[in-house]
Amino acid sequence: MSTIGVKYLFHNHRIEKPRFRLKSVAKNPSSLNYSLKPLRSGGSFCNFKSPLGVRPLRAASSNTELLETKDVFFKETFILKRTEAVEGKISIRLDSGKNGENWQLTVGCNIPGSWVLHWGVSYIGDVGSEWDQPPLEMRPPGSIPIKDYAIETPLRKLSSSAPERDTLYEVTIDLSPNCEIAAIRFVLKDEENGAWHQHRARDFEVPLMDYLCKDDNTVEAKKGFGTWQGTLGKLSNMLLKAEDPKGQDSSSVSGDLNQQIRCISGFYEEHSIVKQVPVENSVNVSVKKCPETARNLLYLETDLIGDVVVHWGVCRDDNKTWEIPASPHPPETKQFKNKALQTLLQSKADGHGSWGSFTLDEEVEGFLFVLKLNENTWFRCMGNDFYIPLSDSGSLSAQSRQGQSEGWGKSERVASVPIQISGEAAGAYVVSHTAYTDGIINEIRNLVSDISSEKRQKTKTKEAQESILQEIEKLAAEAYSIFRSSAPTFSEDAILEAEALLPPAKLCSGTGSGFEILCQGFNWESNKSGRWYMELNEKVAELSSLGFTVVWLPPPTESVSPEGYMPRDLYNLNSRYGSSDELRVLVESFHKVGMKVLGDVVLNHRCAHYQNQNGIWNIFGGRLNWDDRAIVADDPHFQWTLQGRGNKSNGDNFHAAPNIDHSQDFVRKDIKEWLCWLRKEIGYDGWRLDFVRGFWGGYVKDYMDATEPYFAVGEYWDSLSYTYGEMDQNQDAHRQRIVDWINATNGAAGAFDVTTKGILHSALERCEYWRLSDEKKKPPGVVGWWASRAVTFIENHDTGSTQGHWRFPGGKEMQGYAYILTHPGTPAVFYDHIFSHYRSEIASLIALRNRNKIHCRSVIQITKAERDVYAAIIDKKVAMKIGPGYYEPPNGPQKWNLSLEGKDYKIWETS
């Protein structure tokens, strides 16, 4: 059974009597307490304590009076949330049962959690790693069948009255000696976080006989407690009865089999496991006015263990612009780039945390800070810098502030993000993204100039030059981490205000007006008539009347494949869909009714016309008569043919034709000229870009800049994340890859929202509508991160039509359209659905979208996302729900009227 997206690795397994010990993987101790109690048997028992609440704060004795004095005008406790890696063990034991006849397999885990054993069996004669369900008598109480191949059994928590046991959670499976089972396979699932724990990135396998081929995921012992005497006897007898083709006698065969097939002894093993557990700490800040010195005394203490550094500064107005305050400064303070101070807090006498005191001038308005626990763990307040007001008038007590601002009393960890990333205070270092990254770029340039200088090369040693190169790598990594940390949380809302200031008539290249509704004007079979352009021309007026504003036409060029996706002569526009003249007429017809036209261009690959002297197809004909320099050199599908002499590919390779090398100047020049020719010769208004995974998005930006399309969308289609056939709840990594590509184009092109399509599949097919909201209560696809660049769809010529590579759940298509035609993003409707029994319902949804002026940046509020229903309100004008569950929009100042209703969907409008 194959797996996808495994996050945890297992290592360092030992075969011995277990002594479980929980320990933190972090360098410093955390707030997770655990202690070991001696056992009568000489082992140990893990008494795991996980007080995830806030530990009581203890003030240092020398500063207790600051917290208790009546002159304190500010006092606040902030909660610090993070996760910490905790290491434990998975135990696997195979031994004889209590009656000495049946055997037992026991799987245990000593980390608290909600653990489930996902398991199955292999029978004698099974080939490969496929699972089967075990017989009913083997299934422990509480087991649930998963489809037709596996069982899920919860691990039960052992009572504290059984100190002789070594695990906290375990499950036992009874095995009959008379069964035909050759092996048991399993993985351990943590239902608290959805993580799957495997053995060396594969399933655990416990063989009950060793005729199976051993591999790295097999767990068994060299020394055993006894011998499994089950099906081996039957198997040996069955094999011995077989006729020896070489005439060997049975004794020799028996001797060989005794060496090759023998029983597996009972054994015990344990394997390391790592789990991320939530940890809460706190930081307490108090401010006191000192009448004698006319200064403010700020006291900060935290229960964080280790070397805690406060990165801090002050501000003099509400803009919260960081400044370095006048001395005196606390001990262990150093300056950072003339922008902030860094102070190492002093450890408390009892070792429970650390503290620091700061003397601040009276005219200072506020104290700004962030906390650093280690290089990868920084704490900020709700994504911004901590801000402490230092004036009596501007300060409120902690009690009076409750409920007034979510920022008070709460904090969240921003993991693995350099503190230079700006928050409300323009960054913890008072530096904007631009200013800071410009500084990094300048430093890199200076270092490069230094190492490349002819004079320097003569005087510098090799070690010195290597040191400079290492420094350049560090700076580059720092700059890249800023980009990566900000991209996943890209907020469309952050640019709405700036975009609203632009003149409404001025369109951003490649993104249209924001009100587009896209029609895919063909399917996989459209080429077969040879006159598709003429057939579609008869439907132009109808498509326009339905409310579509943009139509996507099939690839126009001569192609090895009739569908057009294996192009050869790019300037030959006589294709299986019709002639170049018929194409011009069709485009002109759409323009007459006010619709824009997208050409489907295949830029990733191209098929050659001729063979070279070695018989390799790498010589191109037509107007673009490239040679093998235009083909990448490392395409694994064609590398054996030595087909290309270009540079290495900067994307994924296409399996059916070699990738074009877009890094070549002559290739980019020719493609730009061809695209501009299509714009002028045919009248295309924009592009649908095929298989953009195959080349860098920066080249797409170059092509978009040259052609200035009205609208452009790329096909970035790869697999979502699945675990054991079940879609993972979090698909951020998938949509991040699409967002990264859009970002590489500088936003000059959008992308099909494959993430949203995939999540809709699981939500509708499995009645799991909760999937349609991410953890921030936004849409979980690209539309939730960058709606103006997301082209939503439920079907196209590849996923549906006669190909059916990834067909939308049958009978639920209108739920999908109710979603994409009411939500932000640019919706695309498939040709087959337009001219089907769905036509009138789709037309009504399009009319509703246009009537309420829903656009690609519309504001969405998800009001319900549960097992059987999803509901949202869009622009406060449209409410919708999909799913069989109940939902009615709340009536208040707004009165809702039901406008559309179909199978498992409803749409309301405000009166």
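I will try to describe carefully the structure that is included in this document. Keep in mind the model is a prediction, meaning the values are calculated, not measured. (Residues numbered from 1 in each chain as written. Predicted model: local features only at pLDDT ≥ 70, side-chain atom pairs only at ≥ 80, totals over all residues. Heavy atoms only, no water.)

## Some points on the overall build of the protein chain
When its secondary structure is counted, the protein chain shows 18 helices and 41 strands. Every one of the 911 residues in the protein chain was classed for burial, and the buried ones make up 52%. Within the protein chain, counting contacts between residues at least 6 apart in sequence, those at least 24 apart form 68% of the total. For the protein chain, the accessible surface area stands at approximately 41500 Å², while carbon and sulfur atoms represent 49% of it. (Helix = DSSP H or I, 4+ residues; strand = E, 2+ residues; numbered from the N terminus. Buried < 20%, exposed > 50% of the residue type's maximum accessible area, 1.4 Å probe, protein only. Contact = heavy atoms within 4.5 Å. Areas by Shrake-Rupley, 256 points an atom, 1.4 Å probe, with all protein chains shown as cover.)

## So, the packing of aromatic side chains
The way to describe two aromatic rings as a pair is by their centre distance and the angle between their planes. The full count for this structure, using the stated rule, is 23 aromatic pairs. On the basis of an interplanar angle of 10° and a centroid distance of 6.4 Å, the ring pair of tryptophan 524 and tyrosine 565 is categorised as stacked. With tryptophan 524 in the loop between strand 25 (518-520) and helix 9 (532-537) and tyrosine 565 in the loop between strand 26 (550-552) and helix 11 (580-592), this pair connects stretches of sequence that are 41 residues apart. According to the relative accessible area criterion, tryptophan 524 is buried, its value standing at 19%. The exposure class of tyrosine 565 is buried, given its relative accessible area of 9%. Chaining the aromatic ring pairs together yields one cluster made of Phe78, Trp312, Phe358, Phe367, Phe369 and Phe386. The residue whose ring lies beneath arginine 606 is tryptophan 626, and the NZ or CZ to ring-centre distance is 4.9 Å. The ring of tyrosine 571 carries arginine 623 above its face, with NZ or CZ at 4.1 Å from the centroid. (Phe/Tyr/Trp six-rings, centres within 6.5 Å; stacked < 30°, edge-to-face > 60°. Lys NZ or Arg CZ within 6 Å of the ring centre and 35° of its normal.)

## A closer look at the sheet that holds strand 35 (residues 790-792)
Taken in spatial order, the 8 strands of this closed barrel run 25-26-27-30-31-34-35-36, and their pairing is parallel. Each neighbouring strand pair of the sheet contributes to a mean axis angle of 30°, computed without reference to strand direction. Relative to strand 34 (residues 750-752), strand 31 (residues 711-714) runs parallel, the two being bridged by 2 bridges. Residue pairing in the sheet places glycine 714 in a bridge with alanine 751 of strand 34. (Pairing = 2+ DSSP bridges. Axes fitted to C-alpha atoms, helices over the stretch in contact; angles between N-to-C directions.)

## Re the environment of leucine 360
Its location among the elements puts leucine 360 in strand 20 (residues 354-361). Once the C-alpha coordinates of leucine 360 and proline 328 are considered, the two residues, 32 residues apart in sequence, prove to be 8.5 Å apart.

## Some words on the environment of proline 567
Within the secondary structure, proline 567 sits in the loop between strand 26 and helix 11. Along the chain, proline 567 and valine 602 lie 35 residues apart, while their C-alpha atoms are 7.1 Å from each other. When near neighbours in sequence (up to four residues on either side) are disregarded, proline 567 contacts Thr557, Glu558, Ser559, Val602, His605, Arg606 and Cys607.

## Looking at the pattern of salt bridges
The full count for this structure, using the stated rule, is 33 salt bridges. Glutamate 84 is paired through a salt bridge with arginine 82; the nearest N and O atoms lie 3.4 Å apart. This pair shows no difference in class: glutamate 84 is buried, exactly as arginine 82 is. Of the charged contacts in the structure, one is a salt bridge between aspartate 774 and arginine 735, with a shortest N-O distance of 3.0 Å. With a gap of 39 residues between them, aspartate 774 in the loop between helix 15 (754-765) and strand 35 and arginine 735 in helix 14 (residues 732-744) connect regions that are remote in the sequence. Judged by its relative accessible area of 1%, arginine 735 falls in the buried class. (Salt bridge = Lys/Arg side-chain N within 4 Å of Asp/Glu carboxyl O.)

## Describing unusual backbone geometry
Along the chain, serine 327 connects to proline 328 via a cis peptide bond; the corresponding omega equals 10°. Structurally, proline 328 can be placed in the loop between strand 16 (309-315) and strand 17 (333-336). The backbone of asparagine 746 sits at a positive phi, close to 65°, despite the residue not being glycine. Take asparagine 746: it is sitting in the loop between helix 14 and strand 34. Phi is positive for serine 801, which is not a glycine, with a value near 50°. Turning to its location among the elements, serine 801 is positioned in the loop between strand 35 and helix 16 (813-820).

## Some words on the nonpolar core
Counting residues in hydrophobic clusters, the biggest one holds 115 residues, and the most contacted among them are Phe548, Leu553, Phe590, Tyr817, Tyr870 and Ile882. When near neighbours in sequence (up to four residues on either side) are disregarded, isoleucine 882 contacts Leu764, Tyr769, Leu772, Gln815, Ala818, Tyr819, Asp868, Val869, Tyr870, Asp904 and Tyr905. Within the second largest apolar cluster, 30 residues are counted, among which are Ile92, Trp103, Leu117 and Ile184. (Core = buried A, V, L, I, M, F, W, Y, C linked by side-chain atoms within 4.5 Å.)

## Section: the sheet that holds strand 39 (residues 878-882)
Across the sheet, 5 strands lie side by side as 37-38-39-41-40; this open sheet has antiparallel pairing. The strands lining the two open edges of the sheet, one partner per strand, are strand 37 (860-865) and strand 40 (896-902). Strand after strand, the sheet turns through a mean of 15° between neighbouring axes, direction not considered. Pairing between strand 38 (residues 870-874) and strand 39: 5 bridges, direction antiparallel. Bridged to alanine 871 within strand 39 is lysine 881. Across the face of the sheet, helix 16 comes into contact with strand 38, strand 39 and strand 41 (905-910) while running at roughly 150° to strand 39.

## Remarks on empty space enclosed by the protein
Summed over all chains, the structure comprises 8 cavities of 30 Å³ or more. What the largest cavity holds in volume is close to 50 Å³. Lining of the largest cavity is provided by Leu570, Val602, Leu603, His605, Arg606, Trp626, Ile660, Ile671 and Trp674. (1 Å grid on protein atoms, 1.4 Å probe; cavity = no way out; pocket = protein on both sides within 12 Å on 5 of 7 lines; lining within 4 Å. Points joined across faces, edges and corners; volume = space filled by probe spheres on them.)

## Notes on the pairing of strand 31
Residues of strand 31 alternate between two faces, with Phe711 and Val713 on one and Ala712 and Gly714 on the opposite face, all of them buried. Direction of pairing for strand 30 (residues 686-689) relative to strand 31: parallel, over a ladder of 4 bridges. Residue pairing in the sheet places arginine 688 in a bridge with valine 713 of strand 31.

## Looking at helix 18 (residues 839-851)
Over its 13 residues, helix 18 runs 18 Å from end to end, which matches the ideal 18 Å to within 8%, given 1.5 Å per residue. Those residues of helix 18 not exposed but buried are Ile842, Ala843, Leu845, Ile846, Leu848 and Arg849. Where helix 18 terminates, the next one or two residues include lysine 853, which has phi positive at roughly 55°. (Expected span 1.5 Å × (residues − 1).)

## Some words on the packing of helix 15 against helix 16
Between two packed helices, both the angle of their axes relative to each other and the distance between the axes serve to describe the pair. Orientation of helix 15 relative to helix 16, taken along the N-to-C sense of each, is 135°, at an axis distance of 11 Å. Here helix 15 is positioned oblique relative to helix 16, judged by the angle of their axes. By crossing handedness, the relation of helix 15 to helix 16 is classed as right-handed. Along the contact surface, helix 15 presents Thr756, Leu760 and Leu764, while helix 16 presents Gln815, Gly816, Tyr819 and Ile820. Its residues assigned to classes, the contact of helix 15 with helix 16 shows 4 nonpolar, 3 polar and no charged. (Parallel < 35°, antiparallel > 145°, perpendicular 65-115°, else oblique. Left-handed = near helix turned anticlockwise from the far one by under 90°. Nonpolar A, V, L, I, M, F, W, Y, C, P; charged D, E, K, R; others polar.)

## Things to note about helix 15
For helix 15, built from 12 residues, the straight-helix expectation of 16 Å at 1.5 Å per residue is met to within 8% by its first-to-last C-alpha distance of 17 Å. Of all 12 residues that make up helix 15, 11 are buried, and the element is covered over most of its length. All of the buried residues in helix 15 are Val754, Thr755, Thr756, Lys757, Gly758, Ile759, Leu760, His761, Ser762, Ala763 and Leu764. Of the surrounding elements, those touching the buried residues of helix 15 are strand 33 (726-727), helix 14, strand 34, helix 16 and strand 39. Cysteine 767 lies just past helix 15 and shows a positive phi near 55°.

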